[in-house]
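Geometric and topological summary
Here is what each chain is made of, one letter per residue.
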Amino acid sequence: METMITNNPGEVMARESEHVLQTYRRSPVVFERGNACRLYDAAGRGYLDFISGIGVSSLGHAHPRLTAAIADQAAQLLHTSNLYFHPLQGEVATRLAELSGLPRVFFCNSGTEAVEASLKFARRFWFSQGAPRTEVVSLERGFHGRTMGALSVTWDDHYRAPFSPLLDGVTFVSNTDPAELLAAVNERTAAIIAEPLQGEGGVRPLSAEMAAAIRTACERSGALFIADEVQCGLGRTGVPFYSAQLGLQPDIMATGKALGGGVPVGAALFSARVAAAAAFGDHGSTYGGNLLACRAAQVFLDELTSGLMAHVAQIGPHIEAALRRVAARHSAVVDVRGAGVIWGMELDRPAAPVVEAALERGLLINRTAETVLRLLPPYIVESADVDQMAVLLDAALDAGIRGDR
Ligand SMILES: Cc1ncc(COP(=O)(O)O)c(C=O)c1O
């Protein structure tokens, strides 16, 4: 007999509160279905989704091609492990290599695993050189994930402190001071890791000067550059990867989020010289790159390269203009930053009440770095959605800032 699943919000929340590890402070809403840029709760109320599962539902919800491909793949074959070949992994790796210029891919299941693989193969590279280097330079406000390695290079002490000791040899430098970065990188540095456009840290693109400092520091010391493009990469800014936009040539790149459109997929990408250090048995993942994951990634990459990235590039300025119009009406807004379908609106005060007011009005956004409203709409977002977002956000700012809902 099939288990009866309740969709009564009170019961859903009560059941979770008993048996789910309490690591998430969820908003009090239970979603049941979605379509394009909209989510619907159990009562049938629609919400405009401008957070897309934190940058994951790149094709929106219930995308017809992705849905059909997943169903078709499930009916054929889901998983065989990495003991055997299947036709899709090489196919997706080829597409990622074309897009990134990095010729080899390791498939995993999340962004944090892509970062772990990146850190491991940075060490592996230096180990193979016969001159091991283990130190890493990372940036303030950087976020790289929750597993022990990725956490070690994540800046916010709030995430790290309860789990220390973490990896030794990590130095954090200002994300806005090129001289500090240049001074910190030396012949012991295995790698510099940075998000070319910081997501969790408040939607902050690195400056051209910081990018130049990363380039110079790597050239001088031989350190590898790991670009964490888990959030900002894969076309989200209207170009394949934001590091290239900054004139950076990563040796290693971590990707995830948008790649599976909702199916968990991560991928670490490697230059030829870093990849050359890898040997059979060095690293692995039971699920990594299985047929379901690769089929979903294949659909996403097909869509991305047949018009969707151009759409993101074209809708980005429209989102920016809408946000700037809203910002002009609210003195609490101090900055608007971003590109494509990743935007941050910084306030002069905590952003949480505005996020709550937006939810009440049927708009899904989130808060990051305390004072920043973050918008990560699906790549397929249309002008009409943007216009509706602006109306709802304007009202949410009024309500959230006055504290009068
Ligand atoms: C830049 C960046 N790196 C890594 C991660 C970790 O990804 P995941 O949550 O899929 O492990 C995130 C998640 O937000 C991220 O934004």
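Read on for a plain summary of the structure. Quick caveat: nothing in here was measured; it's all calculated off a predicted structure. (Residues numbered from 1 in each chain as written. Predicted model: local features only at pLDDT ≥ 70, side-chain atom pairs only at ≥ 80, totals over all residues. Heavy atoms only, no water.)

Some remarks on the pattern of salt bridges
- Enumeration over the complete set of coordinates arrives at 19 salt bridges.
- Notably, a salt bridge pairs D251 with R273, separated by 3.1 Å at the nearest N-O pair. With D251 in the loop between α10 (242-245) and β11 (252-255) and R273 in helix α11 (residues 272-275), this residue pair connects regions lying 22 residues apart in the sequence.
- One salt bridge in this structure joins R349 and D348, with 2.7 Å as the shortest N-O distance.
- Owing to a relative accessible area of 45%, D348 belongs among the partly exposed residues under this scheme.
- Among the ionic contacts, a cluster of salt bridges with common partners joins R65, R95, D302 and E303. (Salt bridge = Lys/Arg side-chain N within 4 Å of Asp/Glu carboxyl O. Helix = DSSP H or I, 4+ residues; strand = E, 2+ residues; numbered from the N terminus. Buried < 20%, exposed > 50% of the residue type's maximum accessible area, 1.4 Å probe, protein only.)

Digging into the side chain of Q298
- Positionally, Q298 belongs in helix α12 (residues 291-328).
- Those residues within four positions of Q298 in sequence are excluded, and the remaining contacts are L88, E91 and V92. (Contact = heavy atoms within 4.5 Å.)

Description of the site of the ligand
- The immediate surroundings of the ligand are formed by S110, G111, T112, F143, H144, G145, E195, E200, D228, V230, Q231 and K257.
- One of the backbone nitrogen or oxygen atoms of T112 is found 2.8 Å away from an oxygen atom of the ligand.
- The contact in question runs from an oxygen atom of the ligand to an N or O atom on the side chain of Q231, over 2.7 Å.
- When the ligand sits alone it has 390 Å² of accessible area, and the protein chains cover 82% of it.
- In the shell around the ligand, the residues fall into 2 nonpolar, 6 polar and 4 charged. (Near = heavy atom within 4 Å. Polar contact = N/O pair within 3.5 Å; in protein donor to acceptor, adjacent residues only side chain to side chain. Areas by Shrake-Rupley, 256 points an atom, 1.4 Å probe, with all protein chains shown as cover. Nonpolar A, V, L, I, M, F, W, Y, C, P; charged D, E, K, R; others polar.)

Considerations on the sheet that holds strand β17 (residues 372-375)
- Sheet architecture is open: 4 strands sit in the order β13-β14-β17-β16, paired in antiparallel fashion. Of all strands in the sheet, those bounded by a partner on one side alone are β13 (333-339) and β16 (366-368). Across the sheet, the mean angle from the axis of one strand to that of its neighbour is 25°, orientation sign disregarded.
- With 6 bridges connecting them, β13 and strand β14 (residues 342-347) associate as antiparallel partners. In the strand pairing of β14, G338 is matched with W343.
- Seen against the sheet, helix α13 (residues 352-360) touches β14, β16 and β17 and runs at an angle of roughly 165° to β16. (Pairing = 2+ DSSP bridges. Axes fitted to C-alpha atoms, helices over the stretch in contact; angles between N-to-C directions.)

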